[in-house]
Amino acid sequence: MAGPLSHIRVLDLSRVLAGPWAAQNLADLGAEVIKIERPGVGDDTRGWGPPWMKDAEGKDTSESAYFLSVNRNKKSVTLDISKPEGQKIARELADKCHVLIENYKVGALRKYELAYEKIRTTNPSIIYCSVTGFGQDGPYAPRPGYDFIFQGMGGLMSITGERDGQPGAGPQKVGIAITDVLTGMYASVAILAAITHRERTGQGQYIDAALLDTMVAFNANQIVSYFCSGKIPLRWGNAHPQVVPYEVFPTADGHIILAIGNDSQFASFCQTAGCAELAQEPRFKTMSQRIIHRGELIPLIADVMRTRTKHEWIEALEAANVPCGPINNMKEVFEDPQVQHRKLRVDIPHPLGGVAPVVASPLRLSETPVEYRLAPPTLGQHNEEVLKDLLGKSDAEIARLKTGGIV
């Protein structure tokens, strides 16, 4: 069955993560995505290895794991847009597309005549999405920006990391480029909204997606709590300011998470852990008292948790309906029965031999499910297909473009 976006064609002029993530979401939903890359070099992330994908014989290929993670279901076309003929071909492709995604610096595409104002003159219904660090206007608009900077600047690192006065205290970034991924997700949502609007009205539009905006918005309830109270949120490490016990505890052979959200769950935990008397202690009987006496309660629980292994605890606590969970490394994640049941790893046959291992899309649609049609492409893999079938270029013309370094 055709995907819900199988009628949509996307020109992807983005590279690295935020823009490609948005384009991959659209591709997973059935859109034809044409990824434009620099001849001979490609997307920056093609060279971000090791690790590299293995071929059928287990040997390293030239395809980086980073590139594989964000470019499935796309077609790769190499094009030198610094040259007038390359710019002309890019505009021809844009005229054949419904959506264009780019993440160049503000105003950079104007010199190539590929900015929104130019593209819309020949394709007025185009949905044109620009992804930048700071947005298209404002005093910081010209600045470059990277995920790490926005995790700090947008406030996330001020609430991430261990509490002051604790070992290892200090601001901490998230372990993935979360600003890029979230911006890609927000851009996907905006593009889908714009597609719906165009299908009702015939009108295209411009989308200004900024990493700073995304990270500030991502702070969600922490920001609104500050607006309402005037109190600046603090770092709590793995603890929770309003729920106790709600943090990581060491066991006999590792760590687990306790997430006890109410008094009955606390009573069940104490009964299961062999310390039922704690649930009757006035200092700990209610959530408000546990918050007040956090410093006295947590060491007591920590002592109890060290008496069993993490698997023993999880088995016992789950049977008692006490919320808990392991802290898995990436190997353990994909050994988990639920993860395996949900088929969250997908192996796509790759033209270089072997398979491209990717993480399944979390988008689960009953009538138009995500399909894994294409492995992340090799550089320029679809040059002839796109130039010939979509733009009607002849074999002789394509050969001339190759000779001239345009493609």
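Just so it is clear, the structure is predicted and the values come from calculations on it, not from any experiment.

(A) Representation of the overall build of the chain within the structure. Of regular secondary structure, the chain possesses 16 helices and 13 strands. Each principal axis of the C-alpha distribution contributes one length, and for the chain these read about 85 × 55 × 40 Å. Within the span of the chain, comprising 407 residues, buried residues form 44% of the whole. When contacts within the chain are restricted to residue pairs at least 6 apart in sequence, those whose partners lie at least 24 apart make up 69%. Positive and negative side-chain charges of the chain, numbering 43 and 46 respectively, have mean locations separated by a distance of 4 Å.

(B) Up close: the sheet that holds strand β5 (residues 74-78). The strand order β5-β2-β1-β6-β7-β8 describes an open sheet built from six strands, whose pairing is parallel. Edge positions in the sheet fall to β5 and β8 (205-210), since each has one partner strand and no second. The sheet shows a mean angle of 20° between the axes of neighbouring strands, taken without regard to direction. Examined bridge by bridge, strand β1 (residues 9-13) and strand β2 (residues 32-37) share four bridges and lie parallel to one another.

(C) How the structure looks around helix α7 (residues 211-218). L211, L212, T214 and M215 are the residues of α7 that are buried. Seen from one end, α7 has its buried residues packed into an arc of 160°, which puts them on one side. On its buried face, α7 sits against β7 (127-132), α5 (147-153), α6 (178-201) and β8. Phi turns positive one or two residues past the end of α7, at A220, with a value near 45°.

(D) Here's a closer look at the sheet that holds strand β11 (residues 324-326). Within the open sheet, the three strands sit side by side as β9-β10-β11. Their pairing is antiparallel. A strand with exactly one partner marks an edge of an open sheet, and here the two such strands are β9 (246-250) and β11. Strand after strand, the sheet turns through a mean of 25° between neighbouring axes, direction not considered. The sheet contact formed by β9 and strand β10 (residues 255-259) spans five bridges and is antiparallel. Bridged to E247 within β10 is L258. On top of the sheet, helix α11 (residues 294-305) reaches β9 and β10; it is set at about 40° to β9, its chief contact. Packed onto the sheet, helix α12 (residues 310-319) meets β10 and β11 and runs at close to 25° relative to β10.

(E) Quick look at the pattern of salt bridges. For the coordinates displayed, the defined rule picks out 29 salt bridges. Note that D43 and K35 form a salt bridge whose closest N and O atoms lie 2.9 Å from each other. Judged by its relative accessible area of 0%, K35 is buried. Taking the shortest distance from any N to any O, the salt bridge between R91 and E113 comes out at 3.5 Å. Here the residue R91 occupies a position in helix α3 (residues 84-95), and E113 occupies one in the loop between β6 (99-102) and α4 (116-122), the gap between them amounting to 22 residues. Through salt bridges that share partners, R9, E32, K75 and E385 make up one connected network.

(F) Broad picture of the nonpolar core. Formed by 29 residues in total, the largest nonpolar core has its most connected members in L11, I36, L79, I81, I89 and L93. With four residues, α3 is the single largest residue contributor to this core. Setting aside anything within four residues of it in sequence, one finds I81 in contact with G86, Q87, A90, Y104, L109, Y112 and L114.

(G) Molecular detail of a negative patch on the surface. Where like charges cluster on the molecular surface, the negative patch consists of D253, E312, E315 and E318. Tracing the backbone shows E318 in helix α12.

(H) Expanded view of unusual backbone geometry. Of note, the amide linkage connecting G49 to P50 takes the cis form, showing an omega dihedral of 5°. Tracing the backbone through its elements, the reader meets P50 in the loop between β2 and β3 (52-54). In this model, P50 is joined to P51 through a cis peptide bond whose omega is 5°. By the secondary structure assignment, P51 is in the loop between β2 and β3. Phi is positive for V16, which is not a glycine, with a value near 70°. Relative to the helices and strands, V16 resides in the loop between β1 and α1 (18-28). For V16, a relative accessible area of 23% translates into the label partly exposed.

About the thresholds
- Residues numbered from 1 in each chain as written.
- Predicted model: local features only at pLDDT ≥ 70, side-chain atom pairs only at ≥ 80, totals over all residues.
- Heavy atoms only, no water.
- Helix = DSSP H or I, 4+ residues; strand = E, 2+ residues; numbered from the N terminus.
- Buried < 20%, exposed > 50% of the residue type's maximum accessible area, 1.4 Å probe, protein only.
- Contact = heavy atoms within 4.5 Å.
- Lys, Arg positive; Asp, Glu negative; His and termini not counted.
- Charge placed at Lys NZ, Arg CZ, Asp CG, Glu CD.
- Pairing = 2+ DSSP bridges.
- Axes fitted to C-alpha atoms, helices over the stretch in contact; angles between N-to-C directions.
- Arc of directions from axis to C-beta.
- Salt bridge = Lys/Arg side-chain N within 4 Å of Asp/Glu carboxyl O.
- Core = buried A, V, L, I, M, F, W, Y, C linked by side-chain atoms within 4.5 Å.
- Patch = residues over 30% accessible without salt bridge, like charges linked within 9 Å, V, L, I, M, F, W, Y side chains within 5 Å.
- Areas by Shrake-Rupley, 256 points an atom, 1.4 Å probe, with all protein chains shown as cover.

That is the geometry; function is a separate question.
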